[in-house]
There are 2 protein chains.
Amino acid sequence: MTSSTNVSCFHEARRVAIFGGTHGNEMSGVTLVNLWIQNGKEIQRKGVETKPFITNPRAVEKCTRYVDTDLNRAFTTENLSAPSGDDLPYEVQRAQQINEIFGPKGSPEAYDVIFDLHNTTSNMGCTLILESSKDYFNLQMMHYIKNAIAPDSCPVLLTEHPLLKYSTSRSVAKHPIGLEVGPQPQGVLRSNIFESMRVVLKHALDFIELFNKGLEFPPCTVDVFRVSEKMDYPRDTNGNIIAMVHPNLQDCDWEPLNPGDPMFQTFDGTTIRYEGAGTVYPTFINEAAYYEKQQAFVTTRRETLAAGAIKKT
Amino acid sequence: MTSSTNVSCFHEARRVAIFGGTHGNEMSGVTLVNLWIQNGKEIQRKGVETKPFITNPRAVEKCTRYVDTDLNRAFTTENLSAPSGDDLPYEVQRAQQINEIFGPKGSPEAYDVIFDLHNTTSNMGCTLILESSKDYFNLQMMHYIKNAIAPDSCPVLLTEHPLLKYSTSRSVAKHPIGLEVGPQPQGVLRSNIFESMRVVLKHALDFIELFNKGLEFPPCTVDVFRVSEKMDYPRDTNGNIIAMVHPNLQDCDWEPLNPGDPMFQTFDGTTIRYEGAGTVYPTFINEAAYYEKQQAFVTTRRETLAAGAIKKT
Ligand SMILES: [Zn+2]
Ligand SMILES: [Zn+2]
């Protein structure tokens, strides 16, 4: 990226991948990617090579989240530089292969854009996940998508955080974009969720085509929700969960949670209230896959990011 | 059961079991049963011994539906009479143990009542599952529960069918009752679903207490949905699914589906319509666990069953 007269210049985004099945039981991405592997017409755009790819085929076959370990946390420097071999967990082997095909991560040879398609059991709607607040290309793309699907909404979750590091599958690309659509149970394909994901992908690819054609995108702002804190379920001294997400909070992803608001309900009916310092916006509320990560939801805070103008080099 | 002056007499229902975790990732039953194992006060009733029991502990530990095979189809005569041994699938071993503790199935020594607690990803609300249209005890109980929770509804699914045999865990008891509550994703505990299940159990146990006290229940009728036909997803010649449940049908469990109504939507947007002879009432619509059973939903037909008066012997 180079700057001149306040316009940031990026290379054409010629190599684009669409990942499905990073979690093998999230059926919208698995189904879309499999469809596009059979017939890619829908994702073809002038000047763009778009590669649909199933990242965790064994997990997809078993319709399970993963086989040995979460692929979407496996793209650490340590894993990617480990001596390869059959003794490594399946997903670590797979991360190395993906890094070879689409990376190497952090190198000039890496793919320009990777979309990674996920579903959630939470009521998150059609959420875009952004890894860096400085990535003007992605911010411009998200701005474009938000406008294109309005009046439907499309929240942006910014996962940039001083402590929480995710090492996602998509992080191999120069511009990684997560798409998290819900609510949809694991192992289920719902037509409404499937169609939402498909529409967002369409607009994203349209943006890339326009960018590659040389269109300049003027400065813009994007409202995002920045990840703040992981909240666990209340537990007893043995680590057993003793409360559920409160009915007032369940399904209220992206809505304000204020100090004093109900947060959990114990099995004997006691309400546990949020006692943070100010308003937060919870998301990933009661996500099935996060019980094992000791996470009932994450709090976020609203922020407006500014993106400078961009065009191709 | 003996009859006199049109009142059917049953023995007291002294031994009652509540099964959770027959499917290890259906969290309402798992959680309730574990709570009641710790403290059974809530399920104690005068003259009733109620035993809460986790039927598939290994599946619960792994938060998976089953380990080797579906426990809830494992209670066949063949399985229950097979020579026991470590080489049998885990769930078959487990079925034999359960049959020993709560059965033997079909014998006078069997438990009087078993409630088996399930969750579904389908929008089935709080459904009672009845295995026999002739079981006046269960019909009277369901009549009692329906009245007790009105104006909330509590559909009864009758699984009696000339061809489809289920061999459920609860079938070990003289009076087997399934409770199927949804929508709830696998691996998730939702407070609303948890509370619905708890309330139905409360009324069911109240009924048993009243029955055991000697109360006579007069003749009644119960509206049920009788299982008719399994409907698979549309597939290509390789067996791959090529369509989703239509948005007009998704979440519409127990609502009428008429000839000509949309049923599936192919991935390229074509509507596939229901072409049966008359109105049916679909249920288990888009249940996660039934993809592997090649079942998109089951059709049912409405029927009104009559139950004679009952009292204890
Ligand atoms: Zn995922
Ligand atoms: Zn079940």
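What you see is a predicted model; the values in this text were computed from it and never measured.

**Some words on the side chain of Thr299(B)**
And step 1. Mapped onto the secondary structure, Thr299(B) falls in strand β13 (residues 297–307).
And step 2. If we ignore the near neighbours within four places in the chain, the residues touching Thr299(B) are Arg226(B), Val227(B), Ser228(B), Glu229(B), Met231(B), Val280(B), Tyr281(B) and Pro282(B).

**A look at the coordination of the zinc ion (ligand 2)**
Residues and elements named next belong to chain B.
And step 1. Within the first shell, the zinc ion (ligand 2) binds the protein through His-23 (ND1), Glu-26 (OE), Glu-26 (OE) and His-118 (ND1), at distances of 2.0 to 2.4 Å.
And step 2. Taken together, the 4 donor atoms coordinating the zinc ion (ligand 2) span angles of 57 to 147° at the metal, a pattern that classifies the geometry as irregular.
And step 3. In primary-sequence terms, the residues that donate to the zinc ion (ligand 2) follow H-x2-E-x91-H. Of this pair, Glu-26 sits in the loop between β3 (15–20) and α1 (27–38) while His-118 sits in strand β5 (residues 113–119), and the two are 92 residues apart along the sequence.
And step 4. Residue Glu-26 is classed as buried on the basis of its relative accessible area, which comes to 4%.
And step 5. Classification of His-118 as buried rests on a relative accessible area of 4%.

**Some thoughts on the UniProt feature "binding site: substrate" (unreviewed entry) in chain A**
All names here are of chain A.
And step 1. Using the residue numbers shown here, the UniProt feature "binding site: substrate" (unreviewed entry) corresponds to Asn-72, Arg-73, Tyr-166, Ser-167, Thr-168, Ser-169 and Arg-170. For the annotated residues, spread through 99 residues, the largest C-alpha to C-alpha distance comes to 10.4 Å, consistent with a single compact locus.
And step 2. In this structure, Ser-169 sits in the loop between β7 (156–158) and β8 (175–182).
And step 3. Residue Ser-169 is classed as buried on the basis of its relative accessible area, which comes to 0%.
And step 4. Setting aside its immediate chain neighbours within four residues, Ser-169 contacts Phe-19, Thr-22, Leu-71, Asn-72, Phe-75 and Asp-116.
And step 5. Topologically, Arg-170 is positioned in the loop between β7 and β8.
And step 6. What Arg-170 contacts, discounting residues up to four positions off in sequence, is Asn-72, Ile-114, Asp-116, His-118, Ile-129, Glu-131, Pro-176, Ile-177 and Gly-178.
And step 7. At 3.2 Å, the side chain of Arg-170 forms a polar contact with the side chain of Glu-131.

**Topic: the pattern of salt bridges**
Residue and element names in this part refer to chain A.
And step 1. Here the structure, examined in full by the defined rule, presents 32 salt bridges over all chains.
And step 2. Between Asp-112 and Lys-174 there is a salt bridge whose closest N-O contact spans 3.7 Å. With Asp-112 in the loop between α4 (90–102) and β5 (113–119) and Lys-174 in the loop between β7 and β8, this residue pair connects regions lying 62 residues apart in the sequence.
And step 3. A residue is classified by how much of its surface remains accessible, and Asp-112, at 12% relative accessible area, is buried.

**A closer look at the nonpolar core**
And step 1. Phe115(B), Leu117(B), Phe137(B), Met141(B) and Ile208(B) are the most contacted members of the largest nonpolar core, which totals 66 residues.
And step 2. Per-element tally for this core: the top contributor is helix α6 (residues 191–213) of chain B, with 10 residues.
And step 3. Setting aside residues no more than four positions away along its own chain, Met141(B) makes contact with Val113(B), Phe115(B), Ile177(B), Ala204(B), Phe207(B) and Ile208(B).
And step 4. Counting residues in each nonpolar core, the second largest holds 65 residues, with Met27(A), Val113(A), Met197(A) and Ala204(A) among its members.

**Considerations on the relation of the copies chain A and chain B**
And step 1. Here chain A sits on chain B after a turn of 180° about the axis and a move of 0.0 Å along it, with an RMSD of 0.0 Å. Given the turn and translation reported, the copies of this chain are related as if by a two-fold rotation axis. Among all residues of chain A, the one whose C-alpha sits closest to the rotation axis is Pro185(A), at a distance of 2.4 Å.
And step 2. Interface overlap between copies: 100% of the residues of chain A at the interface are likewise at the interface in chain B, consistent with a symmetric, same-surface contact.

**Here we look at a positive patch on the surface**
And step 1. Together, Arg58(A), Lys62(A), Arg58(B) and Lys62(B) make up a positively charged patch on the protein surface.
And step 2. Taken together, the elements giving at least two residues each to the positive patch come down to α2 (57–62) of chain A together with α2 (57–62) of chain B.
And step 3. Structurally, Lys62(A) is set in helix α2.
And step 4. A residue is classified by how much of its surface remains accessible, and Lys62(A), at 57% relative accessible area, is exposed.

**A few points about the coordination of the zinc ion (ligand 1)**
All names here are of chain A.
And step 1. In the first shell of the zinc ion (ligand 1), the protein supplies His-23 (ND1), Glu-26 (OE), Glu-26 (OE) and His-118 (ND1), at 2.0 to 2.4 Å from the metal.
And step 2. Angles of 56 to 148° at the metal separate the 4 donor atoms of the zinc ion (ligand 1), which places the site in the irregular class.
And step 3. In the primary structure, the donors to the zinc ion (ligand 1) are separated according to the pattern H-x2-E-x91-H.
And step 4. With a relative accessible area of 3%, His-23 lands in the buried category.

**A closer look at the sheet that holds strand β4 (residues 49–54) of chain B**
Residue and element names in this part refer to chain B.
And step 1. One open sheet holds the 8 strands; their spatial order is β4-β3-β5-β8-β6-β7-β9-β13, and the pairing between them is mixed. Unpaired on one side and paired on the other, β4 and β13 mark the two borders of the sheet. Neighbouring strand axes in the sheet, compared pairwise and without regard to direction, differ in orientation by 25° on average.
And step 2. Here strand β6 (residues 125–130) runs beside strand β7 (residues 156–158); their pairing, made up of 3 bridges, is parallel. Across the sheet, residue Leu-130 finds its bridge partner in β7, namely Leu-158.
And step 3. On top of the sheet, α1 reaches β3, β4 and β5; it is set at about 125° to β4, its chief contact.
And step 4. Together, β5, β6, β7, β8 (175–182), β9 (220–231) and β13 form the strand contacts of helix α5 (residues 136–149), whose direction differs from that of β9 by roughly 105°.

Quick notes on the rules
- Residues numbered from 1 in each chain as written.
- Chains lettered and ligands numbered in written order.
- Predicted model: local features only at pLDDT ≥ 70, side-chain atom pairs only at ≥ 80, totals over all residues.
- Heavy atoms only, no water.
- Helix = DSSP H or I, 4+ residues; strand = E, 2+ residues; numbered from the N terminus.
- Contact = heavy atoms within 4.5 Å.
- Donors = N, O, S within 2.8 Å, 3.2 Å for Na, K, Ca; no water.
- Tetrahedral: all angles 85-135°; square planar, octahedral: opposite > 155°, others 65-115°.
- Buried < 20%, exposed > 50% of the residue type's maximum accessible area, 1.4 Å probe, protein only.
- UniProt positions renumbered as here; feature names shortened; annotations may be inferred.
- Polar contact = N/O pair within 3.5 Å; in protein donor to acceptor, adjacent residues only side chain to side chain.
- Salt bridge = Lys/Arg side-chain N within 4 Å of Asp/Glu carboxyl O.
- Core = buried A, V, L, I, M, F, W, Y, C linked by side-chain atoms within 4.5 Å.
- Least-squares fit on C-alpha atoms with pLDDT ≥ 70 in both.
- Patch = residues over 30% accessible without salt bridge, like charges linked within 9 Å, V, L, I, M, F, W, Y side chains within 5 Å.
- Areas by Shrake-Rupley, 256 points an atom, 1.4 Å probe, with all protein chains shown as cover.
- Lys, Arg positive; Asp, Glu negative; His and termini not counted.
- Charge placed at Lys NZ, Arg CZ, Asp CG, Glu CD.
- Pairing = 2+ DSSP bridges.
- Axes fitted to C-alpha atoms, helices over the stretch in contact; angles between N-to-C directions.

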